[in-house]
Structures are given as C-alpha cells and as structure tokens.
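Descriptive analysis of the structure
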Amino acid sequence: MPGLLLTVVYTNMSAMVGATYLAAKRTRGLFLTTVYGAVISIGLSVVSVPFLGIIGASLASCVGFAAVLGIRLYKTRRFVGIRVTWSAMLKYHLVIGLQIGLMCLLPVGWLQGACLSLLMVGLIWSDWPYYQRLFVTLTNKR
C-alpha cells in the first residue's frame, strides 16, 4: 500500500500537534479534531472503496489524517506557535510521491530498492546541515 506512506506521515504529524492540546489542557479540541478526521475518513471510504477497493480506503485514511493535521495546525495557533517550513514539506511530499511512483512502476527487486535508497540518500544530503546539528545536539553531554 504505497498510499499508506503519506498516511503514516500525517498520522505522526497530527499526533505531535495533538500533544499541544494535552499540554494546554484543551482535550476537547483534541477530541473534536479526531472526530472530524474520522468523519472525513469514513465518508471518503464509503464513496471510494466501491470504486477503488483497498486503495480507496488508504486514500481516504490519508485525506482524513491530513485534514486532522490541517485543522489542528489552524486551531492551535492561538495558544502555541508551530512554525511550518512549507518548502521542506513540499520537498518531502515530492520525495514520497516519487517513492510511491517507483513502488507502483518498478518490479519488486534490487532496482526498486536501489532507486528508493538513492532518493533517501538525496533527501538526507539535501538536509545535511540539519542532521549535523541534530547529531551534535544528541551527542553533546552536559
């Protein structure tokens, strides 16, 4: 299920933003955004599964979690400042899109694995200063 790659991304990002509701003790917002996402996901599943099968369910799930993320980012801006680097988001979405395309187009085997690995290496290389700072931060003992 290549479509589930983005679902995992949106699930984790929406959970991270959802933790701000807990920190701010606004669990009602956490509950409501979860319900909104579930309604969107279920509604899209009802429409898409008859036509696309399991792919429709994975796409519906992806859109549902993306909606939860969007709603949470919008709603939490009043009590926490989360700055989204949209250029990085676009870059990562393009790489994930390429990975999904490669998984659908190339037969499973060493060529597919090599192409996916090269994409990941290129992504890490493009953000190398970030990874260097992260490594220094994690290994710095105080």
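See the structure printed just above.
Residues numbered from 1 in each chain as written. Predicted model: local features only at pLDDT ≥ 70, side-chain atom pairs only at ≥ 80, totals over all residues. Heavy atoms only, no water.

On to helix H3 (residues 54-76). For H3, built from 23 residues, the straight-helix expectation of 33 Å at 1.5 Å per residue is met to within 8% by its first-to-last C-alpha distance of 33 Å. Burial in H3 covers these residues: Gly56, Ser58, Ala60, Ser61, Cys62, Gly64, Val68, Leu69, Arg72 and Thr76. Check the buried side of H3 and you find it contacts helix H1 (4-23) and helix H2 (27-52). (Helix = DSSP H or I, 4+ residues; strand = E, 2+ residues; numbered from the N terminus. Expected span 1.5 Å × (residues − 1). Buried < 20%, exposed > 50% of the residue type's maximum accessible area, 1.4 Å probe, protein only. Contact = heavy atoms within 4.5 Å.)

The subject of this paragraph is the pattern of salt bridges. Across all of its chains, the model carries one salt bridge by this definition. Ionic pairing is found between lysine 91 and aspartate 127, a salt bridge with its closest N-O pair at 2.6 Å. Note that lysine 91 is positioned in helix H4 (residues 86-105) and aspartate 127 in the loop between helix H5 (110-126) and helix H6 (128-139), a separation of 36 residues in sequence. A relative accessible area of 27% places lysine 91 in the partly exposed class. (Salt bridge = Lys/Arg side-chain N within 4 Å of Asp/Glu carboxyl O.)

The quantities given are spatial measurements derived from coordinates; they are silent on function.
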